[in-house]
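# A closer look at the structure
Listed below are the residues making up each chain.
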Amino acid sequence: MSGERIGFIGLGNMGRPMATSLVTKGFPVTAYDVVPTSVQILAQRGAKAARDVADAVAQSDIIVTMLPNTPDVDGVIAEVLKSGRKGQLCMDMSTIDPIASKRFAAALAAKGIGWVDAGVGRSPAHAERGESLFMVGGTDADLKRVEPLLGAMGNKVIPCGGPGAGITMKIVLNFLAMSTCQLTAEALTLGTKLGLTARTMYDVITNSLANNDHLKNYWPTKVLGGDVDPGFAIDLAYKDLSIGVTTANAAGVPVFTGAAARECLGQARAAQGLGGKDITAVLVAAANNAGVKPPKL
Ligand code: NAD
């Protein structure tokens, strides 16, 4: 443990277990979320409750953000630029626009405030067990400083390069992961319409080269078990794929399949009202489109 005071902002599906890991492992954490009950839960687990973002910033050496999207992180960084102190460090663990991430790093560096972008891999269940994967960007000194925190929240840290490199990796990762989920949903729906059972398809696919870890280890705990409460919401997956497609377009890289997958997620949100459901509910959307029941194990 480093003895540094941690401000943790954003206590949702991922932030809650991550902040809890820090508290249980003895880090002094001040927690904040716009939803007061989420702050109360962390306070019951031993964190100090912050009144607002400014309060969390004032009481911390390292400020961690685990927020939905770029504008949410922008708001916190604006507060740090206004009221923060030289020597503090911001570690953003949200999945956001890599260009904005680099902009935040540069603005903070000009004030003597450090920066790490730490994309988070795996699911809320992994976060509960302290088994998250982190892909990190930052200067060597800043990365060294957050090592104890990352070690408390996860079990694998992969340095990706300077500021912005971690979140760039996360966008590339989710581009692949979310596109794969859409294709998995279409394959399972096709098989269902043609009379195959979920069990047959699951056993064959997960024993073949078409296997993917989402289907093998995550889908049985969610849609294939009849649960589509969000571990990772379609709204967030749509946001990630949108950042991926936009980033690719800006870099002059055509991404035909990823762009199509993004539109499928868009249809699941807009036409089917599934935005707040788990990413695996893309199977529900695909099954609805085909007029079959979503298959279950
Ligand atoms: P979530 O929607 O469950 O949680 C976000 C939390 O932020 C909520 O509690 C919300 O009340 C809070 N919040 C929003 N604006 C705020 C503000 N201005 N100040 C303070 N709190 C604010 O989302 P999540 O699933 O925990 O994901 C958080 C981030 O991590 C997203 O960028 C997501 O893409 C990424 N991510 C999620 C997963 C996952 O499996 N859920 C995995 C890796 C990365």
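A brief structural summary. For every chain, the first residue of its written sequence is number 1, and the numbers climb from 1 along that sequence. Confidence filtering applies because this is a predicted model: local features only for residues at pLDDT of at least 70, side-chain atom pairs given and counted only at 80 or more, and all residues used for totals across whole chains, interfaces and linings. The side-chain figures draw on all heavy atoms in the structure; neither hydrogens nor water molecules are used.

## Structural notes on the pairing of strand β4 (residues 62-65)
Put simply, the rule reads: For each residue, the accessible area found with a 1.4 Å probe, counting protein chains only, is set against the maximum for its type, and the residue is called buried under 20%, exposed over 50%, and partly exposed in between. Only DSSP runs of H or I reaching four residues or more are called helices, and only runs of E reaching two or more are called strands; each is numbered from the N terminus. Two strands pair under a simple rule: DSSP has to find at least two bridges between them. We call a crossover right-handed when, viewed with the strands running away from us, the connection from the first strand over the helix to the second turns clockwise.
In β4, alternate side chains face the same way, and those of Ile62 and Val64 on one face and Ile63 and Thr65 on the other are all buried. When β4 meets strand β5 (residues 89-92), the two strands line up parallel, connected through 4 bridges. Looking across to β5, one finds that Ile63 is bridged to Cys90. Taken together, β4, helix α4 (residues 70-83) and β5 form a β-α-β motif whose crossover is right-handed.

## Focus: the state of the cysteines
Two cysteines form a disulfide when their sulfur atoms are joined by a covalent bond. Put simply, the test is: Disulfides are defined as pairs of cysteine sulfur atoms found within 2.5 Å of each other.
For the coordinates displayed, the defined rule picks out 0 disulfides. Free of any disulfide, Cys181 has its nearest cysteine sulfur in Cys264, 12 Å distant. On the basis of relative accessibility, which here comes to 1%, the residue Cys181 falls in the buried class. Since its relative accessible area comes to 25%, Cys264 is described here as partly exposed.

## Concerning helix α13 (residues 282-290)
To keep it simple, the criterion reads: Throughout, a residue-residue contact means that at least one pair of heavy atoms, one from each residue, lies within 4.5 Å.
Along α13, the positions that sit buried rather than exposed are Val282, Leu283, Val284, Ala285, Ala286 and Ala287. Looking at the buried side of α13, the elements it contacts are α8 (165-193), α11 (234-250) and α12 (256-270). In the stretch just after α13, Gly291 is the one whose phi turns positive, near 70°.

## Side note on the side chain of Ser38
Structurally, Ser38 can be placed in helix α2 (residues 36-44). Taking the relative accessible area as the measure of exposure, Ser38 reaches 10% and is therefore buried. With sequence-adjacent residues up to four places away left out, Ser38 is seen in contact with Leu11 and Asp33.

## Overview of the packing of α8 against α13
When two helices pack together, their arrangement is captured by the angle between the axes and the distance separating the axes. Condition: Here an angle of 0 to 180 degrees is reported between the N-to-C directions of two axes, which are lines fitted to C-alpha atoms, with helices fitted over the stretch in contact. When an angle is under 35 degrees it counts as roughly parallel; over 145 it counts as roughly antiparallel; between 65 and 115 it counts as roughly perpendicular; any other value is oblique. Less than a right angle of anticlockwise turn of the near helix away from the far helix marks a crossing as left-handed, whereas a clockwise turn marks it as right-handed.
Packing of α8 against α13 leaves a shortest axis separation of 8 Å and a crossing angle of 40°. Judged by the angle between their axes, α8 and α13 are oblique. Here α8 runs over α13; the crossing is right-handed. Residues Cys181, Gln182, Ala185, Glu186, Leu188, Thr189 and Lys193 of α8 touch α13, and the partners they reach there are Val282, Leu283, Ala286, Ala287 and Ala290.

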